[in-house]
Amino acid sequence: MNFSYEVKKVCKQSGARIGVFHTPHGDIETPVFMPVGTQATVKGLRPEDLKELNAQIILSNTYHLYLRPGADIVAKAGGLHKFMNWDRPILTDSGGFQVFSLAKLRKISPDGVEFSSHISGEKHFMTPEKAIDIQNKLGSDIIMAFDICSNYGDSHKEAEKSAEITRQWLERCYAVQKNENQMLFPIIQGNFYMDLRKKCIQDCIPYAKCGIAIGGLSVGEPKELMYKILDEMRPDLPENMPRYLMGVGSPDCLLEGYARGIDMMDCVLPTRIARNGTAFTRHGKLVIKNAEFAEDFRPIEDDCDCYTCKHYTRAYLRHLIKAGEMLGGELLSIHNLRHLTKLTEQIKQAIWEDRLLDFKEEYLKDYKI
RNA sequence: GUGGGUAUAGCGCAGUUGGUUAACGUGCCAGAUUGUGACUCUGGAGACCAUGGGUUCGAGUCCCAUUACUCACC
């Protein structure tokens, strides 16, 4: 097998882990935050920028690349890594979440999902087999099972039905996944019902060879509820592989997630809010486009080591955002992503020192959520 | 010089045959954003309807004058 995971350290205070995940495109130290590059690009950033801010792995997306430019074109280009000039690991989401977020356009059956392209409107039918085949062609290192992400507020009966289809789909994904250079992560669903969550974990374990994902969280529920679900799932999760909490990534969620034994997270939040003029800081969000920064000639954060903070002022960034200049979103994305990779580095240090819970408490004391 | 047209938020404009708190876009101000359909979404402030008269129960809407801008012709 071309993948393995070693736990290097377990924090005595929280049980959070430090580990190394070996992949065909290099090692990933966990815990890790993964920037999202849906359309084979982290919006506005070059691979060099991502490396400079210590991004070890990035996400891309099956649904989007399937519709455009098409998996065959990416395969012809020599695979996603070569196509986008990124030689570190890539994880592709299966498109399950798009089925959920583009709900208006889709029809789910046990066989698969019929949906209309948001680009052309033409009809497509996605199945677990197809989702794996596309990801094989893309050549990402970590591939995700095709799943159904149920809605917050769904009844137990609805959630159970989605979970059961997800289980069947996982079986089918596994049956066709043959590529040894790609690791298939099952996705635990089960909505906000603990009995379903526990059953989903058991459904996933036989198929979890070197990694397991938690899906269906951060879909509109209170954060406390998400943390509670994580706490209750935790004892049932396998220890010997990375645990990936999908789609979660504000600074406070990173802390809370890692402290609950999560090893991998991804989120569009840092890059999305960046494009809309907001920066992460040690003390909470800074809406850099606000008038109060018009004559503020300090960097976003004095002690930040990112390219943006080393060279640009709040006033300039505000100007760029207000003027609709693309550089504004790019520079803020660099800062926000660096903020999360740096926070992850600090958390790792606290894990080594067996003081993650102390660190979390100190951090959140000065952090406005 | 002669004749015509237009004056409504910072800017661009809508306001039906005169009828309750003057619409929209943009800009401004502020919120939101968590496996990206995202330079997006949601709110808010901002107008003595060019000025002065007049008609009318009632005028941004009709009449007169003034001013500014603008077009055509000489």
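Right above here is the structure, for reference.
Right, let's walk through the structure included here. Because the structure is predicted, anything quoted here is derived from the model rather than measured.

Time to look at the protein's contact with RNA strand B. Residues in close proximity to RNA strand B total 42 residues, the closest being Met 246, Gly 247, Val 268, Thr 271 and Lys 322. In RNA strand B, the atoms that sit within 4 Å of the protein are 50% sugar and phosphate, with bases accounting for the remainder. Interatomic distance of 3.3 Å between a side-chain N/O atom of Thr 278 and a base oxygen of RNA strand B. At a separation of 3.0 Å, a phosphate oxygen of RNA strand B approaches a polar backbone atom of Ala 291. Mapped by element, the contributors of at least two residues to the surface near RNA strand B are strand 5 (58-61), helix 5 (96-101), strand 15 (264-267), helix 11 (269-275) and helix 13 (314-322). The element that contributes the greatest number of residues to the surface near RNA strand B is helix 11, accounting for five residues. When grouped by side-chain class, the residues that make up the surface near RNA strand B number 14 nonpolar, 16 polar and twelve charged.

For the rest of this paragraph, the subject is the nonpolar core. Formed by 97 residues in total, the largest nonpolar core has its most connected members in Ile 188, Ile 214 and Leu 356. The dominant element in this core, judged by the number of residues it contributes, is helix 14 (residues 326-352), at nine residues. Membership of the second largest hydrophobic core comes to 20 residues, among which are Phe 3, Ile 28, Val 32 and Leu 59.

Looking now at the state of the cysteines. Counted according to the given criterion, the structure contains zero disulfides. Cysteine Cys 253 remains unbridged, with the sulfur of Cys 267 as its closest cysteine sulfur at 7.9 Å. Considering cysteine sulfurs only, Cys 306 is the nearest to Cys 304, which forms no disulfide, with 3.7 Å between them. Here Cys 304 falls in the buried class, since its relative accessible area comes to 7%.

About the thresholds
- Residues numbered from 1 in each chain as written.
- Chains lettered and ligands numbered in written order.
- Predicted model: local features only at pLDDT ≥ 70, side-chain atom pairs only at ≥ 80, totals over all residues.
- Heavy atoms only, no water.
- Near = heavy atom within 4 Å.
- Polar contact = N/O pair within 3.5 Å; in protein donor to acceptor, adjacent residues only side chain to side chain.
- Helix = DSSP H or I, 4+ residues; strand = E, 2+ residues; numbered from the N terminus.
- Nonpolar A, V, L, I, M, F, W, Y, C, P; charged D, E, K, R; others polar.
- Core = buried A, V, L, I, M, F, W, Y, C linked by side-chain atoms within 4.5 Å.
- Buried < 20%, exposed > 50% of the residue type's maximum accessible area, 1.4 Å probe, protein only.
- Disulfide = S-S within 2.5 Å.

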